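# A look at the structure
Spelled out from the first residue to the last, the chains are:
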Amino acid sequence: MGNLRERLKAFYADYSFYILPVMKFALALGIYVLINNRLGYMEALNRLFILVILAAISAILPFNATVMIGIALIVAHCFGLGVETGLFALVLYVVLVLLYFRFVPRDALVMLMTPVAGILHMEAVVPLCLGLVRGPESALSAACGLVSWQFVEIVHDEIAPLKEADAGMLNVLQSIPASLFSPKLLLCVIASAAATVLVALIVRHMTTYTRLRAVIAGAVLYLVIMLAGGVAVGVELNAPAIVAGTAASAAVALFLNMFVYSVDYRQSRFIQFEDDDYYYYVKAIPKMRAGGAKPVRYYDDSSRQNGTGTPVNGQDVDGVDFKTKLEDSLKDL
Amino acid sequence: MLTKQRLQLMISLADFKQSHINTTMRVTKYYRNDYVAVQLVKNFFVTSIAYLILLGFFAVYHLDFLLTNMNNLKMGRLAAVLLIIYLVMLAVYSVITYVIARIRYARAREKAEDYDQKLDLLANIYREEKQSSGNPFGEDQ
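Positions within a chain are numbered from 1, following the residues in the order the chain's sequence is written. Chain letters and ligand numbers both follow the written order, the letters beginning at A and the numbers at 1. Confidence filtering applies because this is a predicted model: local features only for residues at pLDDT of at least 70, side-chain atom pairs given and counted only at 80 or more, and all residues used for totals across whole chains, interfaces and linings. Only heavy atoms go into the side-chain values, all of them from the structure, while hydrogens and water stay out.

### Considering the overall build of chain B
Runs of H or I in DSSP of at least four residues are treated as helices and runs of E of at least two as strands, each being numbered from the N terminus. A count of helices and strands for chain B gives 4 helices and 0 strands. Put simply, chain B runs from its N terminus to its C terminus through helices and strands in the order α-α-α-α. When accessible area is computed with a 1.4 Å probe and restricted to protein chains, residues below 20% of their type maximum are described as buried, those above 50% as exposed, and intermediate ones as partly exposed. Looking at chain B as a whole, 25% of its 141 residues are labelled buried.

Take a look at the structure:
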């Protein structure tokens, strides 16, 4: 597994210029296709060609452009269902951005990833991943993502049938917040926030297998709160689906942790500058350390000198022959 | 003459300029209090817009009640309650904005000072190289 990660790192270091846009394109296309499949009320946008163009635009712009295009897609589909639904969608996302995501723009992708995870029945994956890569404060981002997901679900499950039954605009507009701000949303928010906080707190200890334990603990806590809370509050939940979805979410979070979050993917950097005498074209290529060993860091010098300190990143370097490596490096001098 | 020290310094400066200079300069072109003041002014407008949007939606949601009880509503008391809610919301968001602006300014200032120190070091290296190349004045003549 270590060799596979090293090979992935080396591959990314060499070809990141091409890999990153392709990955952004694939992610954006996947998000837009899932949103279209779930909503799809605006006929003009129900064409793969348009989604491919939008995904191609997202690939060359920053990640928040993907978020903006995705939100515009959701709002457009809501307008396709009805003016009042579209207006509510617009108000909801504008208020979320103005009141929260202007402070943490890097978490804005949660507004799209939570509905996508919900559509795939893996609602727990976003709070688990937020706990792994951010801090406990990201519980708020998870909550905002849940509001977005619940809104998409309500549009699909309740508003669309209402519109088919020719309900009045005011009735539809009044039924949306009543369905949105329900005990189910509160239960999901509490479960997600608790899972995010627990995972983030465990990860901060940074010992061996901490992340594995953090993900499992977070998933178990999410499951317990959802099932027990559902019974306590009287919310109808599909228990087998929640159990299976939470297990799948934990598996996805562990996969992402192993191949994305724990690996230091550094790109080759191209830097260009000049002075009075020369033009400089610099290519910086990240070093690959042999055997996957990282430089070991200790908490403080005294513990390193005594040999009693615990390495910060806990890497086992016993298998590396430093003497041979030193002799090899001296030959180059 | 190309030296390793000069090259590493120039690469470090160029790398920073390529990646962070716009975001850093956007912050450090202000004095700290001016930057925080600008953010608070922006916060005032953004929070007011968000409050008006929420108020408008709240009015539409309770339109039936409002239309039915329009004559019985105590407008003065209602206005006072809405104003208090607005002021509380503005105060909370102003505090959050103030704290975040101070932290952002401090971080950008640190990066800018590091960049300036490296620029000064590079200028000294250039000066020394020109002096050691036989030009005591260190200037092109």
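After presenting the structure, the write-up continues.
### A short note on the confidence of the model for chain A
Chain-level statistics for chain A give a pLDDT mean of 81 and a share of 81% at 70 or above. In predicted models, pLDDT denotes the confidence assigned by the predictor to each residue on a 0 to 100 scale. Residue contacts are counted whenever heavy atoms from the two residues lie within 4.5 Å of one another. Every residue in residues 296-318 of chain A is under pLDDT 50, and counting partners more than four places away or in other chains gives 27 contacts.

### Points about the confidence of the model for chain B
The predicted model of chain B averages 86 in pLDDT, with 94% of residues at 70 or higher. Averaged over each element, pLDDT in chain B is lowest for helix α1 (residues 4-28) of chain B (82) and highest for helix α2 (residues 32-61) of chain B (92).

### Thoughts on the side chain of S179 of chain A
Residues and elements named next belong to chain A. Along the chain, the position of S179 falls in helix α8 (residues 169-180). Look at S179 and you get buried, because its relative accessible area is 17%. A polar contact is formed between the side chain of S179 and the side chain of E158, at a distance of 2.6 Å. Excluding residues that lie within four positions of it along the chain, S179 makes contacts with I154 and E158. Pairing of N or O atoms within 3.5 Å defines a polar contact, subject to two protein rules: one partner must be a possible hydrogen donor and the other a possible acceptor, and residues neighboring in sequence count only if both atoms are side-chain atoms.

### Details of helix α9 (residues 183-203) of chain A
Residue and element names in this part refer to chain A. The length a helix should cover is 1.5 Å for every residue beyond the first. Helix length check: α9, at 21 residues, gives a terminal C-alpha distance of 30 Å against a target of 30 Å (1.5 Å per residue), a fit within 8%. Turning to α9, its buried residues are L185, L187, C188, A191, S192, A195, T196, V199, A200 and V203. Next to the buried residues of α9 lie α6 (125-133), α7 (139-164), α8 and α10 (210-233).

### Things to note about the interface of chain A and chain B
Every contact between the two is made by 22 residues of chain A and, on the other side, 28 residues of chain B. Three residues stand out in chain A for area buried against chain B, namely L99, R102 and F103 of chain A, and they jointly supply 25% of the buried area on that side. Each salt bridge in this description consists of a side-chain nitrogen of Lys or Arg and a carboxyl oxygen of Asp or Glu lying within 4 Å of one another. Joining chain A to chain B, the criterion identifies 1 salt bridge. A salt bridge links D275 of chain A to R6 of chain B, with the shortest nitrogen-to-oxygen separation between them at 3.2 Å. Scanning the region where chain A abuts chain B turns up 7 residue pairs in polar contact (both at pLDDT 80 or more). When residues of the side of chain A that touches chain B are traced back to their parent elements, those giving at least two are α4 (83-101), α8, β1 (269-274) and β2 (279-284) of chain A. Per element, the largest residue contribution to the side of chain A that touches chain B is 6 residues, and it comes from α4 of chain A. The term buried area means the drop in 1.4 Å probe accessible area that two parts suffer when joined, counted for both and summed.

### Regarding unusual backbone geometry
A positive phi angle is found at H121 of chain A, which is not glycine, with a value near 60°. As for its placement among the helices and strands, H121 of chain A is situated in the loop between α5 (110-119) and α6.

### Quick look at the nonpolar core
Residues and elements named next belong to chain A. Take the buried Ala, Val, Leu, Ile, Met, Phe, Trp, Tyr and Cys residues and link them wherever side-chain atoms come within 4.5 Å; each set so joined is a nonpolar core. If you look at the biggest cluster of nonpolar residues, it comprises 71 residues, and the most contacted ones within it are Y32, I74, F88, Y93, L128 and F151. With 11 residues, α7 is the single largest residue contributor to this core. Look past the residues within four positions of F151 in its chain and what remains in contact with it is C78, T85, F88, A89, L92, Y93, I176 and L180.

### Section: the packing of aromatic side chains
Only the six-membered ring of Trp is used, alongside the rings of Phe and Tyr, when aromatic pairs are assigned; centres must lie within 6.5 Å, and planes under 30 degrees apart are stacked while those over 60 apart are edge-to-face, with the rest tilted. Applying the stated rule across the entire model yields 12 aromatic pairs over all chains. A ring pair is formed by F103 of chain A and Y93 of chain B, whose centres lie 6.0 Å apart and whose planes are at 15°; its orientation type is stacked. With F103 of chain A in the loop between α4 and α5 and Y93 of chain B in helix α4 (residues 75-132), this pair bridges two chains. Considering the side-chain rings of F273 of chain A and Y280 of chain A, the 4.8 Å spacing of their centres and the 20° angle between planes classify their relative orientation as stacked. Residue classification places F273 of chain A among the buried positions, given a relative accessible area of 14%. One aromatic cluster in this structure is built from F88, Y93 and F151 of chain A together with F57 of chain B. Consider the ring centre and the ring normal. A charge sits over the ring if Lys NZ or Arg CZ is within 6 Å of that centre and within 35 degrees of that normal. The ring of F63 of chain A carries K24 of chain A above its face, with NZ or CZ at 5.5 Å from the centroid.

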